[in-house]
Amino acid sequence: DAGVTQSPTHLIKTRGQHVTLRCSPISGHKSVSWYQQVLGQGPQFIFQYYEKEERGRGNFPDRFSARQFPNYSSELNVNALLLGDSALYLCASSLGGRERMHGYTFGSGTRLTVV
Amino acid sequence: GDSVTQMEGPVTLSEEAFLTINCTYTATGYPSLFWYVQYPGEGLQLLLKATKADDKGSNKGFEATYRKETTSFHLEKGSVQVSDSAVYFCALSTGFQKLVFGTGTRLLVSP
């Protein structure tokens, strides 16, 4: 079975640009979460989507947005990129409602560098 | 708010040494607790989990026991290998929405 797939794996953008990151969850998983991991730190929660609706939002500015599609894949969008947005962006897939028992499965991430 | 505190690294050990990485948490309600591992250049892999007090999670020789009285979930392994070198993250989840992570502890194992 395919795991959580993220694309692209690496990306270089210029300050002020916009970026779209993509995630496909494990088959049968209906929930997708996004995390930002700055170098040397633990991942920070950005969004969670379940059945195409936003179920949670972390402490990130409105430049960050996301959506989930009918096939449960998801996009994370970041506008007006800042140098501080450089990070590894991780997507996590879960069944939806069973996270306490089964946890989350993470993708390998998208490494975003803003120059 | 909910938070996780891990011991700072790096933790440097020789092969076959005993490993302990400390983790304590603060949470409202009754969280589930997790240890994730991150190898260089990769995403996070679930190492083990525990969902209620006194549960012991175990996997690949690693163990951690959910201690409600001390709000701790320390990671242990009896004999580490070079291949265990990675960054280890303790995390909690109190519900549906998200994981709260510690800052991570880098483990370096030398032959």
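Data block above holds the structure.
An account of the accompanying structure is given in this report. (Residues numbered from 1 in each chain as written. Chains lettered and ligands numbered in written order. Predicted model: local features only at pLDDT ≥ 70, side-chain atom pairs only at ≥ 80, totals over all residues. Heavy atoms only, no water.)

**A word on the overall build of chain A**
Inference 1: Each helix and strand in chain A was counted, giving one helix and eleven strands.
Inference 2: Secondary structure elements of chain A occur, N-terminal to C-terminal, as β-β-β-β-β-β-β-β-β-α-β-β.
Inference 3: Compactness check: chain A gives a C-alpha radius of gyration of 13 Å against a globular reference of 13 Å for 115 residues, within 12% of the reference.
Inference 4: By its C-alpha atoms, chain A is 40 × 25 × 25 Å across when sized along the principal axes.
Inference 5: By residue count, 50% of the 115 residues in chain A fall in the buried class.
Inference 6: Of the contacts formed within chain A by residues at least 6 apart in sequence, a portion of 54% connects residues at least 24 apart. (Helix = DSSP H or I, 4+ residues; strand = E, 2+ residues; numbered from the N terminus. Rg over C-alpha atoms; globule rule 2.2 N^0.38 Å. Buried < 20%, exposed > 50% of the residue type's maximum accessible area, 1.4 Å probe, protein only. Contact = heavy atoms within 4.5 Å.)

**Some details on the pairing of strand β4 (residues 31–37) of chain A**
Within a regular beta strand, the side chains point alternately toward one face of the sheet and then the other, so they alternate between its two faces.
All names here are of chain A.
Inference 1: The buried fraction of β4 is high, at seven of seven residues.
Inference 2: Neither face of β4 is open: one carries Ser31, Ser33, Tyr35 and Gln37, the other Val32, Trp34 and Gln36, and all of them are buried.
Inference 3: Sheet topology places β4 next to strand β5 (residues 44–50); six bridges connect them, and they run antiparallel. If you follow Val32 over to β5, its bridge partner there is Tyr49.
Inference 4: If you look at the hairpin formed by β4 and β5, you'll find six residues sitting between the two strands, and Gly40 has a positive phi there, around 85 degrees. (Pairing = 2+ DSSP bridges.)

**Comments concerning the packing of aromatic side chains**
Inference 1: If you walk through the whole model with that rule in mind, you get twelve aromatic pairs over all chains.
Inference 2: Judged by centre distance (6.2 Å) and plane angle (55 degrees), the rings of Phe47 of chain A and Tyr49 of chain A are tilted.
Inference 3: Given the relative accessible area of 1%, Phe47 of chain A is considered buried.
Inference 4: In this structure an aromatic cluster arises from ring pairing among Tyr35, Phe45 and Phe106 of chain A together with Phe34, Tyr36, Phe89 and Phe101 of chain B. (Phe/Tyr/Trp six-rings, centres within 6.5 Å; stacked < 30°, edge-to-face > 60°.)

**Remarks on the sheet that holds strand β7 (residues 64–68) of chain A**
All names here are of chain A.
Inference 1: Read from one edge of the open sheet, four strands run β1-β3-β8-β7, paired in antiparallel fashion. Lying at the two open borders of the sheet, with one neighbouring strand each, are β1 (5–7) and β7. Ignoring which end each strand starts from, the neighbouring axes of this sheet average 15 degrees apart. (Axes fitted to C-alpha atoms, helices over the stretch in contact; angles between N-to-C directions.)

**Overview of the state of the cysteines**
Inference 1: One pass over the full model with this rule turns up two disulfides over all chains.
Inference 2: At a sulfur-sulfur separation of 1.8 Å, the disulfide partner of Cys23 of chain A is Cys91 of chain A. With the S-S bond torsion at -65 degrees, the cross-link from Cys23 of chain A to Cys91 of chain A turns out left-handed. With Cys23 of chain A in strand β3 (residues 19–24) and Cys91 of chain A in strand β9 (residues 87–94), the pair connects residues that are 68 residues apart, well separated along the chain. The residues Cys23 of chain A and Cys91 of chain A share a single accessibility class, namely buried.
Inference 3: Sulfur-sulfur distance for the disulfide between Cys23 of chain B and Cys90 of chain B comes to 2.0 Å. Taking the torsion about the sulfur-sulfur bond, which here is approximately -65 degrees, the covalent link between Cys23 of chain B and Cys90 of chain B counts as left-handed. You can see Cys23 of chain B sitting in strand β4 (residues 23–26) and its partner Cys90 of chain B sitting in strand β10 (residues 86–93), a full 67 residues away along the chain. Both residues of the pair, Cys23 of chain B and Cys90 of chain B, belong to the buried class. (Disulfide = S-S within 2.5 Å.)

**Let's talk about the interface of chain A and chain B**
Inference 1: On the side of chain B, 23 residues touch chain A, which itself brings 25 residues to the contact.
Inference 2: Between chain A and chain B, the buried area comes to about 1,800 Å², and carbon and sulfur atoms account for 54% of it.
Inference 3: Our enumeration of links across chain A and chain B arrives at three residue pairs in polar contact (both at pLDDT 80 or more).
Inference 4: Looking at the side of chain A that touches chain B, the elements with two or more residues in it are β4, β5, β6 (53–57), β9 and α1 (99–102) of chain A.
Inference 5: It is α1 of chain A that provides the largest number of residues to the side of chain A that touches chain B, a total of four residues.
Inference 6: The residue inventory of the side of chain A that touches chain B, partitioned by class, reads nine nonpolar, 13 polar and three charged. (Buried area = accessible area lost by both parts, 1.4 Å probe. Polar contact = N/O pair within 3.5 Å; in protein donor to acceptor, adjacent residues only side chain to side chain. Nonpolar A, V, L, I, M, F, W, Y, C, P; charged D, E, K, R; others polar.)

**Overview of the pairing of strand β12 (residues 105–110) of chain B**
All names here are of chain B.
Inference 1: Residues Thr105, Leu107 and Val109 line the buried face of β12, whereas the alternating positions Arg106, Leu108 and Ser110 sit on a face that is not buried.
Inference 2: Strand direction decides the pairing type here: strand β2 (residues 11–14) and β12, joined by four bridges, are parallel. Directly across from Leu13, in β12, lies its bridge partner Val109.

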